[in-house]
Amino acid sequence: MSQNNIPMEFIERWKSFYGKSQTESIIHNLRQNEPRIIVPNLLKTNIPNLVLQLESNGFKFKKINEFNGLIVTFEPFNIVSTPEYLSGMFSIQALSSLIPPLSLQPSSNSIVADLTASPGIKTSLLAQQMNNRGTIIAIEKSSKRIPALKANLIRMGVLNTIILNLDSVLFPKLDIQVDHILLDAPCSGTGLKLTKNKRLRPRILNDIFRLAKQQEALIEKAWEQLKPNGTLVYSTCSLEPEEGEVQIENFLELHKNEVVLLSIPFDIGSSGSNTNWKTPLNTQLVKTKRIFPKLGYDGFFTAILKKR
Amino acid sequence: MKLFKQLTKDETNQVETTINQILDSDAMTIILKRKMLIKIKGDRNDVYLVLKEDISLFERLSSKLPEKSFSIEHARIKLGFFIHEKFLIGIESLTLLSPLTRKRISLDTKNTQKFIYGKDIVINTISLQKQIEHLEENTTIMVFSDNNIPLGYAKIFSKEKNAWLQNLVDIGIFLRSEKSAF
């Protein structure tokens, strides 16, 4: 039995983690059609200029206060065929995608590793913060996903990135110490809006344990290559604590003397420490963010880990 | 072939000359004093502009992992590629080179749309003629929209009284061939 394509197994789990009222909100918001949201590429333009150019071609927008986002309210023709899109003046994305790279806050001389880089929207946000300087090592395991990664980075005018086709668990073998790591880990994707999620089936629940193991291995390998005082942002577009809060809880336990959690620098979502788990969660998890699906946002989890 | 190799002196000269001609300046010569050109493993002999310190990074990568387990797919700025020992400019160079060029033409909205759909542009207005009247046939120029968006590269051709811009490459490629062109 399901409520409009959301299997009851998920609903019961979410109720136990987040309570009945929050779960009803999750279900409602997962079912909503997502409007097209565009975000300016600060390497190429700014909001007033972008809006002026697109409005002169008949497009209309509603501003979102967070992250300079614009909801496209009227499209006289497909916005991806405009010179503005093709020249990389903006990207189309859920606002939740912005939070992990913007939380990392690299500087213009940082060395940054993006361990699961395709399709490159988060990588381009890192490049924007770095003013296209420093070095981003963008790693993508799937060779099939490399062309889209390359095309997006080139279109967005990213000039500071080296793309490697490599399994990120082999990252330590490269023997490169980096200042920052973005690990938007492969996950069950249960936080994605239903319009773009073909995976929300009961069998996905069986994958959570396997995916959590994979995520654990990726964080461990990434951690080895992080410089002291460096930061790692971990995120997943999952509503399952095993892929979020519990993952970080376990990591803190294993590395208690070498890691400190930093607060997510955005007033959005709720604290990961509010999630109900079988045992009380580490108090440091108050600094993590559990974002529930809403307009412009998929459900996801994110944490910033700093190496002592 | 190794994972990457530096361009030969002749190849470097060809890239430098081609780009300087497109820009109508010696900007590429100046850039190459601080950076260098490499090819990375690939079918099309792609040419990348990298920092000198990147070379030691690539050499380390080559020595740390077996070649089968990874590949360098892109390095900072792709400028173009060699085909039959001739360097051709690539769309990837547009971000770097568009602020530096002096040889340029601006298109109105209608011609902008035509150009980014991969079409050639007929020089049939006084405005277009004036913009290229000082340039010789076969010159490669950078093409912009009338609100200064770089659109791609074109070559000037003429036959009898007709002149046109032959589309060499344009930003519409991101829509037309995202999966095959990159």
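Since the model is a prediction, treat every value here as computed from it, not as a measurement. The written sequence of each chain sets the order in which its residues are numbered from 1. In the order they appear in the text, chains get letters beginning with A and ligands get numbers beginning with 1. Per-residue local features are limited, in this predicted model, to residues with pLDDT of at least 70; the limit for side-chain atom pairs, both in listing and counting, is 80 or more; totals at the level of whole chains, interfaces and linings are taken over all residues. Think of the side-chain values as coming from all heavy atoms in the structure, minus any hydrogens and water.

**Notes on the overall build of chain B**
Line of reasoning, step 1. Put simply, DSSP marks the helices as runs of H or I at least four residues long and the strands as runs of E at least two long, and each gets a number from the N terminus on. From N to C terminus, chain B includes eight helices and 11 strands.
Line of reasoning, step 2. In terms of principal-axis extent, the alpha carbons of chain B reach across some 60 × 35 × 30 Å.
Line of reasoning, step 3. A 1.4 Å probe rolled over the protein chains alone gives each residue an accessible area, and that area as a share of the maximum for its type sets the label: buried under 20%, exposed over 50%, partly exposed in between. The buried share among the 182 residues of chain B stands at 52%.
Line of reasoning, step 4. Here, two residues are considered to be in contact whenever any of their heavy atoms come within 4.5 Å of each other. A fraction of 59% describes how many contacts in chain B between residues 6 or more apart in sequence connect residues 24 or more apart.
Line of reasoning, step 5. Computed with a 1.4 Å probe, the accessible areas rest on the Shrake-Rupley method; for each residue, only the protein chains presented here act as cover. Within the structure as shown, chain B displays about 9,500 Å² of accessible surface, and the carbon and sulfur contribution to it stands at 48%.
Line of reasoning, step 6. Positive: Lys, Arg. Negative: Asp, Glu. His and the chain ends are not part of the count. By convention, charge coordinates are those of NZ in Lys, CZ in Arg, CG in Asp, or CD in Glu. Put simply, chain B has 28 plus and 23 minus side-chain charges, and the middle of one group is 2 Å from the middle of the other.

**A look at the overall build of chain A**
Line of reasoning, step 1. For chain A, the count of helices and strands is nine helices and 15 strands.
Line of reasoning, step 2. Note that the radius of gyration is over C-alpha atoms, with the globule rule given as 2.2 Å times the number of residues to the power 0.38. For chain A, the C-alpha radius of gyration of 19 Å lies close to 19 Å, the compact-globule estimate for 308 residues.
Line of reasoning, step 3. Per-residue burial over chain A gives 59% buried out of 308 residues.
Line of reasoning, step 4. In chain A, 74% of the contacts between residues at least 6 apart in sequence involve partners at least 24 apart.
Line of reasoning, step 5. When the 36 basic and 27 acidic side-chain charges of chain A are each reduced to a single mean position, those positions are 3 Å apart.

**Some remarks on the sheet that holds strand β11 (residues 162-170) of chain B**
Residues and elements named next belong to chain B.
Line of reasoning, step 1. The strand order across the open sheet formed by five strands is β7-β9-β10-β11-β8, and the pairing between neighbours is mixed. The sheet is open, and its two borders are formed by β7 (104-107) and β8 (121-122), each paired with just one other strand.
Line of reasoning, step 2. In this sheet, β11 lies alongside strand β10 (residues 150-159) in antiparallel orientation, the contact comprising eight bridges. Along β11, the bridge assignment pairs Ser158 with Ala163.
Line of reasoning, step 3. Axis definition: a line fit to C-alpha positions, over the contact stretch in the case of helices; interaxial angles, taken between N-to-C directions, run 0 to 180 degrees. Packed onto the sheet, helix α5 (residues 109-116) meets β7, β8, β9 (140-145), β10 and β11 and runs at close to 95 degrees relative to β10. Note on pairing: DSSP must find at least two bridges between two strands before they are called paired.

**Quick notes on the pairing of strand β7 (residues 111-114) of chain A**
Line of reasoning, step 1. Where β7(A) and strand β8 (residues 135-140) of chain A come together, four bridges link them in parallel fashion. Note on β8(A): the bridge partner recorded for Val112(A) is Ile136(A).

**Topic: the layout of surface pockets**
Line of reasoning, step 1. Counted as a void, the largest pocket has a volume near 1,400 Å³.
Line of reasoning, step 2. With a 1 Å grid spanning the protein atoms alone, the term cavity applies to any set of points in which a 1.4 Å probe fits but cannot get out, the term pocket to an open set with protein on both sides within 12 Å along at least five of seven lines, and the term lining residue to any residue with an atom within 4 Å of a point. If you go around the largest pocket, you meet 47 residues; those closest to its centre are Ser118(A), Pro119(A), Lys122(A), Arg145(A) and Asp184(A).
Line of reasoning, step 3. Listed by contribution, the elements that provide at least two residues to the lining of the largest pocket are α6 (121-129), β8, α7 (146-155), α8 (204-224) and β11 (226-236) of chain A together with α7 (173-176) of chain B.
Line of reasoning, step 4. Partitioning the lining of the largest pocket into residue classes produces 22 nonpolar, 12 polar and 13 charged. Grid points are joined across faces, edges and corners, and a volume is the space filled by probe spheres set on the points. Just so you know the grouping, Ala, Val, Leu, Ile, Met, Phe, Trp, Tyr, Cys and Pro go in nonpolar, Asp, Glu, Lys and Arg go in charged, and all remaining residues, Gly too, go in polar.

**Some remarks on the interface of chain B and chain A**
Line of reasoning, step 1. Each partner contributes residues to the interface: chain B has 33 residues there, and chain A has 33 residues.
Line of reasoning, step 2. Here the buried area means the combined drop in accessible surface, using a 1.4 Å probe, for two parts upon being joined, counting both sides. Here chain B and chain A share an interface that buries about 3,100 Å² over both sides, 67% of which is from carbon and sulfur atoms.
Line of reasoning, step 3. The salt bridge criterion pairs a side-chain nitrogen of Lys or Arg with a carboxyl oxygen of Asp or Glu, the two atoms within 4 Å. On the surface where chain B and chain A come into contact, there are two salt bridges.
Line of reasoning, step 4. Polar contact is the term for a pair of N or O atoms within 3.5 Å; when the atoms are in protein, one must be able to donate a hydrogen and the other to accept it, and sequence-neighboring residues count only if both atoms are side-chain atoms. Counting every contact that joins chain B to chain A gives 10 residue pairs in polar contact (both at pLDDT 80 or more).
Line of reasoning, step 5. Going through the elements one at a time, α3 (52-64), β4 (71-75), α5, β10, α7 and α8 (178-181) of chain B are the ones with two or more residues in the side of chain B that touches chain A.
Line of reasoning, step 6. A per-element tally of the side of chain B that touches chain A places α3(B) first, with six residues.
Line of reasoning, step 7. Considered class by class, the residues forming the side of chain B that touches chain A number 17 nonpolar, eight polar and eight charged.
Line of reasoning, step 8. One ladder, built from four bridges, connects strand β9 (residues 161-165) of chain A with β4(B); its direction is antiparallel. Looking at the pairing, Ile162(A) lines up with Ala75(B) of β4(B).

**Some words on the domain arrangement of chain B**
Residue and element names in this part refer to chain B.
Line of reasoning, step 1. Domains assigned within chain B are domain 1 (4-97) and domain 2 (104-181).
Line of reasoning, step 2. With centres defined by C-alpha atoms, the gap from domain 1 to domain 2 works out at 25 Å.
Line of reasoning, step 3. Across the boundary between the two partners, domain 1 contributes nine residues, which contact 12 residues of domain 2.
Line of reasoning, step 4. Carbon and sulfur atoms make up 76% of the area that domain 1 and domain 2 hide from each other, which totals about 820 Å².
Line of reasoning, step 5. It is Ile22, Ile91 and Leu94 that lose the most area in domain 1 upon contact with domain 2, and together they represent 69% of the buried surface on that side.
Line of reasoning, step 6. Where domain 1 packs against domain 2, one counts zero salt bridges.
Line of reasoning, step 7. Joining domain 1 to domain 2, the criterion identifies one residue pair in polar contact (both at pLDDT 80 or more).
Line of reasoning, step 8. When contributions to the side of domain 1 that touches domain 2 are tallied by element, the ones reaching two or more residues are α1 (9-23) and α4 (94-97).
Line of reasoning, step 9. Classifying every residue of the side of domain 1 that touches domain 2 by side-chain character gives six nonpolar, two polar and one charged. Residue ranges labeled as domains rest on an automatic or database domain assignment.

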